[in-house]
Each structure stands twice: as structure tokens, then as C-alpha cells.
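Read off the chains here:
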Amino acid sequence: MAWNPETYNKFKSERFAPFYDLLDLVKVKPGLQVIDLGCGTGELTRKLADKLPDSQVFGIDSSSEMLIEYEAYEKTHLSFAQRSIEAQMEISQQWDLVFSNAAIQWVNNHHELIPTIVSKVRSGGQLVIQLPAQHHNISNQMLNELAAEEPFRSALNGWTRTSPVLDIEDYAQLLFEGRCRTMTVFEKIYPLVLQDANALFDWVSGTAMIPYIEKLEGDLRENFTSEYKNRLAARFTKCPVFYPFKRIILEASI
Ligand SMILES: C[S@@+](CC[C@H](N)C(=O)[O-])C[C@H]1O[C@@H](n2cnc3c(N)ncnc32)[C@H](O)[C@@H]1O
């Protein structure tokens, strides 16, 4: 997908907040082998590596655009590779810590993905994952509604993005059915306070809008973007715009 680190980084403090909650759940032990799935630019992987000074940390991400400045974050025992989570899951290697912040929502079929991730955690190890709870996410629903209308519907061949994100009870069940016997699973609202609806548009354009935009070309892309922006402005009329962004946090030890 056409990720853009500049757009993504416009809301650093808002995007970093759940990462720090995840970091607090990491059990610090010496000499861990750690993987960060969907590491983005590498900036947060570096913070993870700084918390685990004697450990080997490896970040993977499928986007060459997001990884463009990864060398700025590399250090001894911290490396990166351009690789998809799906491809990583095909590799038999296990890790002491599987970490992922705001990335696995881009991988389909969590009924398969979660057990596969669990299988990559060594006995005595831990997984720590954050993903958005998108079931009631209005800005995502508005994207789908627009994509289902003409002329976009035909241009997209009827495609709209279906979120693979499950209810937290399902994640807890999947972790239990894996080998996880201790777990911390919760949802948390991260309040987004944005200057106005245009700022909300900027927020969405850094993530959820990307798959629609990359499937549309020329005027259709422009029209989709401007119509979505107009609809957000009509829906979110109060300033600042308050958006209760709900996220799921999963921590489990094996
Ligand atoms: C919202 S960003 C989060 C990045 C980073 N973890 C952070 O917290 O800043 C989502 C990241 O997931 C990556 N991504 C999306 N689908 C992926 C996949 N199938 N395999 C690997 N990375 C993927 C994107 O390239 C992007 O960098």
C-alpha cells in the first residue's frame, strides 16, 4: 500500500500514546529475541529496543515508503527488513517477544493469524499487540459508504474494505486456545482532539483511506478524496472535533 510517513507522522503524539501502553506491558528480561510486526518507520521499534538493551530486535514492514529512513533508527542488535507479516508467518523461527503496534488490522483472517502469531512465541515468551477496534469507527464506515456509491462502486468493482478485527472476547478465546494461560486483554479509548474536520481527514488519510485511494486513479481519486472530506465536514461540525478512538490491547505469556 502507498503509505506516506509524512502524513502518518502528522499525529505523532496521538499515534504514539497506545504504543507507550504496550511498552509498559513488555516484560524486560536480558537477551531476548524480539520481532516487531509492521514496524512502520522504525522509530517506535527503536524505543522498544532501547527498553531491552541486551536483546536482539528485528522490525519488519511491507512498505518501502515507511522504511525509507530505517537506517536512522538502526543500532547494534536492532535491524529491519522489508517483509510482510504474512511472509514472516511462513518462517518457522520463534521469538521471545512478538510485538506489534497498530499493524495486524491490515492482515486478514484473525482466526488464523492469532494462533499463527502464538505459534511464533517460544515457551516462556510473550506477545504484546495493539490494534484499533474498528466495529463502530464512524470515519471508516463513511469511507465504506462512499465507496459503495457510484461512480466509485464501479471503479472499485464493488470492493469495500471489511475490517478483520474481532471482538476482544474472540481474541481472549483464541489466546486461550493457543498456549496462553496468562493474559491481559482490554479495550481503551484514546481521545483524539482534532482542530477541525480537516484534521480528522488528515488523520484518516494517513491510514484507513489509503487502500481506497490506491485503487482509484485521476479524477476519480480526486473526487473520492474531496467528497470524503466534504462528508466529514458535514458530519463533524463542532470544533475541536472529539473522536473517541477505541483500541484493543492484547498481552499474553506462554
Ligand atoms: C499504522 S502503521 C503502524 C506502524 C508502527 N507499528 C507504529 O506504531 O508507528 C501500520 C503499518 O503496518 C504496515 N503494514 C500494513 N500491512 C502490512 C503487512 N501485511 N505486512 C507488514 N506490514 C504491514 C504498514 O506499512 C504500516 O507501516
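Definitions and limits used
- Residues numbered from 1 in each chain as written.
- Predicted model: local features only at pLDDT ≥ 70, side-chain atom pairs only at ≥ 80, totals over all residues.
- Helix = DSSP H or I, 4+ residues; strand = E, 2+ residues; numbered from the N terminus.
- Rg over C-alpha atoms; globule rule 2.2 N^0.38 Å.
- Buried ≥ 20, exposed ≤ 12 C-beta atoms within 10 Å, placed from the backbone.
- Contact = placed C-beta atoms within 7 Å.
- Near = placed C-beta within 6 Å.
- Nonpolar A, V, L, I, M, F, W, Y, C, P; charged D, E, K, R; others polar.
- Pairing = 2+ DSSP bridges.
- Right-handed = clockwise from strand over helix to strand, strands pointing away.
- Core = buried A, V, L, I, M, F, W, Y, C linked by C-beta atoms within 7 Å.
- Axes fitted to C-alpha atoms, helices over the stretch in contact; angles between N-to-C directions.
- Parallel < 35°, antiparallel > 145°, perpendicular 65-115°, else oblique.
- Left-handed = near helix turned anticlockwise from the far one by under 90°.

Q: What is the right way to read the overall build of the protein chain from this model?
A: Scanning the protein chain from terminus to terminus reveals 11 helices and 7 strands. A globule of 254 residues ought to have a C-alpha radius of gyration of about 18 Å, and the protein chain, at 19 Å, matches this closely. Expressed as a percentage of the 254 residues in the protein chain, the buried residues total 36%. For the protein chain, the proportion of contacts with a sequence separation of at least 24, taken over those separated by at least 6, is 75%.

Q: I would appreciate a short explanation of the environment of Q126 in the present structure.
A: Along the polypeptide, Q126 turns up in strand β5 (residues 121–132). Considering only alpha carbons, one finds Q126 and D96, 30 residues apart in sequence, at a separation of 6.2 Å. In this structure, Q126 is in contact with K27, L97, V121, A252 and S253, ignoring residues within four places of it in sequence.

Q: What exactly am I supposed to notice about the site of the ligand here?
A: Near the ligand there are 20 residues, and of these G38, G40, S63, A103 and W106 occur at the shortest range. If you list the elements that add at least two residues to the shell around the ligand, you get α2 (12–25) and α4 (85–89). A per-class count over the shell around the ligand returns 10 nonpolar, 7 polar and 3 charged.

Q: Help me understand the pairing of β5, please; the structure alone is not making it clear to me.
A: As a general feature of sheets, a regular strand has side chains that alternate between the two faces. Bridge count between strand β4 (residues 95–101) and β5: 6 bridges; the pairing is parallel. Residue S100 lies in a different strand from β5, and its bridge partner there is I129. Traced from β4 through helix α5 (residues 110–119) to β5, the parallel crossover comes out right-handed. Pairing analysis gives 7 bridges linking β5 to strand β7 (residues 241–253), with the strands arranged antiparallel.

Q: Help me understand the nonpolar core in this model?
A: Soluble, globular proteins show a tendency: their nonpolar side chains are buried together. Grouped together as the largest cluster of nonpolar side chains are 65 residues, with contacts concentrated most on V34, I35, V98, I104, L127, L200 and L250. The residues touching I104, leaving out its near neighbours within four places in the chain, are L37, G38, I85, L113, I129 and L131.

Q: Please clarify how the packing of helix α9 (residues 197–205) against helix α11 (residues 218–235) should be interpreted in this entry.
A: Two quantities define a packed helix pair, namely the angle between the axes and the distance from one axis to the other. Relative orientation of the contacting elements α9 and α11 amounts to 130°, with a least axis distance of 9 Å. As judged from the angle between their axes, α9 and α11 are oblique. In this structure, α9 crosses over α11, and the sense of that crossing is right-handed. Facing α9, whose interface residues are A197, L200 and F201, α11 presents K229, L232 and A233. Tallied by class, residues from the contact of α9 with α11 come to 5 nonpolar, no polar and 1 charged.

Q: What am I meant to see in unusual backbone geometry here?
A: In this chain, E150 is followed by P151 through a cis amide linkage whose omega measures 5°. Here P151 is to be found in the loop between α6 (138–147) and α7 (152–155). Omega for the peptide link from C239 to P240 comes to -5°, which places this bond in the cis form. As for its position among the elements, P240 is in the loop between α11 and β7. Of note, the phi angle at N109 is positive, near 55°, even though the residue is not glycine. Relative to the elements of secondary structure, N109 occurs in the loop between β4 and α5. With 9 C-beta atoms counted inside 10 Å, the residue N109 sits in the exposed group.

Q: Before we go on, may I ask you to explain the environment of K29 in this structure?
A: Note that K29 resides in the loop between α2 and β1 (33–37). The spacing of K29 and R153 is 124 residues in sequence and 51 Å in space, taken between C-alpha atoms.

Q: Explain the sheet that holds β7 here, please?
A: Within a sheet, neighbouring strands are paired by backbone hydrogen bonds and run either parallel or antiparallel to one another. Judged by pairing direction, the sheet is mixed, and its 7 strands sit side by side in the order β3-β2-β1-β4-β5-β7-β6 without closing on themselves. Where the open sheet ends on each side, the last strands, each with one partner, are β3 (78–82) and β6 (182–194). For this sheet, the mean inter-axis angle between neighbouring strands, taken without regard to orientation, is 15°. Sitting on the sheet, helix α8 (residues 168–177) touches β6 and β7, and the angle it makes with β6 is about 150°.

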